[in-house]
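Single-letter residue listing:
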Amino acid sequence: MGMTDVITHTGIVERVATNLVQVRIVQTSACSGCSIKAHCSASETKEKLIDVVTHEWERYAIGEAVKLQGTVGMGMRSILWAFSIPFCVVVGVLFVAMKLTANEVLSATIAMCSLVPYYLSLFLKRNELRKKFSFTIEKLTNN
């Protein structure tokens, strides 16, 4: 993995729980050079809370400075799951519903409702997805 494949943020530990460290990151100018900045929710706000799944959660303390790292590939997969697949589901269901009903309003309603099971399945798989899309964490200072 090259340097351009890594997304890095520094932040402050906000909360520590079993197998979880929550880190507040502040958007930096590094976001301007990121290839997925237009699609990243971290670039939409100045501060963001990131949940990091880690078995070493006991090593971290509230208020501690840490560095988070993720991959561009991880960011691209999250865009796929959050935006691209739902778009394809809506468009596909819309075309099928239009063919079957020939009613635009009903077809649009069915297409929008088709997202409910999709996002419900993502919600039910949230713990599994959290592990796949988790940042790694390391201390910035030796406390």
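Higher on the page you've got the structure.
Residues numbered from 1 in each chain as written. Predicted model: local features only at pLDDT ≥ 70, side-chain atom pairs only at ≥ 80, totals over all residues. Heavy atoms only, no water.

Draft legend 1. How the structure looks around the nonpolar core. Ranked by internal contacts, the top residues of the largest apolar core, which has 18 residues, are Val23, Val52, Leu68, Phe135 and Ile137. For Ile137, the residues in contact, after removing those within four places along its chain, are Val21, Val23, Val52, Thr54, Tyr60, Val66, Lys67 and Leu68. (Core = buried A, V, L, I, M, F, W, Y, C linked by side-chain atoms within 4.5 Å. Buried < 20%, exposed > 50% of the residue type's maximum accessible area, 1.4 Å probe, protein only. Contact = heavy atoms within 4.5 Å.)

Draft legend 2. Examining the packing of helix H2 (residues 104-113) against helix H3 (residues 115-124) more closely. Closest axis-to-axis distance for the H2/H3 pair is 5 Å, and the angle between their directions is 5°. Accordingly, the angle class assigned to the pair H2 and H3 is roughly parallel. Here Ala111, Met112 and Cys113 of H2 come into contact with H3, specifically with Leu115, Val116 and Pro117. (Axes fitted to C-alpha atoms, helices over the stretch in contact; angles between N-to-C directions. Helix = DSSP H or I, 4+ residues; strand = E, 2+ residues; numbered from the N terminus. Parallel < 35°, antiparallel > 145°, perpendicular 65-115°, else oblique.)

Draft legend 3. Layout of the pattern of salt bridges. Counted according to the given criterion, the structure contains five salt bridges. A salt bridge links Glu14 to Arg24, with the shortest nitrogen-to-oxygen separation between them at 3.4 Å. One end of the pair, Glu14, is in strand E1 (residues 6-17); the other, Arg24, is in strand E2 (residues 20-26), with 10 residues separating them in the sequence. Among the salt bridges present, the one from Glu64 reaches Lys139, with a minimum N-O distance of 3.0 Å. Of this pair, Glu64 sits in the loop between strand E3 (47-53) and strand E4 (65-71) while Lys139 sits in strand E5 (residues 136-139), and the two are 75 residues apart along the sequence. A relative accessible area of 4% means that Glu64 is categorised as buried. For Lys139, a relative accessible area of 23% puts it in the partly exposed group. (Salt bridge = Lys/Arg side-chain N within 4 Å of Asp/Glu carboxyl O.)

Draft legend 4. Fine view of unusual backbone geometry. If you check the backbone angles, Asn19 has positive phi at about 60° while not being a glycine. By the secondary structure assignment, Asn19 is in the loop between E1 and E2. By relative accessible area, Asn19 is classed as partly exposed at 30%. Non-glycine residue Ala102 carries a positive phi angle of around 55°. Within the secondary structure, Ala102 sits in the loop between helix H1 (72-101) and H2. The class of Ala102 is exposed, set by a relative accessible area of 63%.

Draft legend 5. Highlighting a nonpolar patch on the surface. Together, Leu120, Phe123 and Leu124 give the surface a local cluster of nonpolar side chains, amounting to about 330 Å² of exposed area. Residue classification places Leu120 among the partly exposed residues on the basis of a relative accessible area of 46%. (Patch = residues over 30% accessible without salt bridge, like charges linked within 9 Å, V, L, I, M, F, W, Y side chains within 5 Å. Areas by Shrake-Rupley, 256 points an atom, 1.4 Å probe, with all protein chains shown as cover.)

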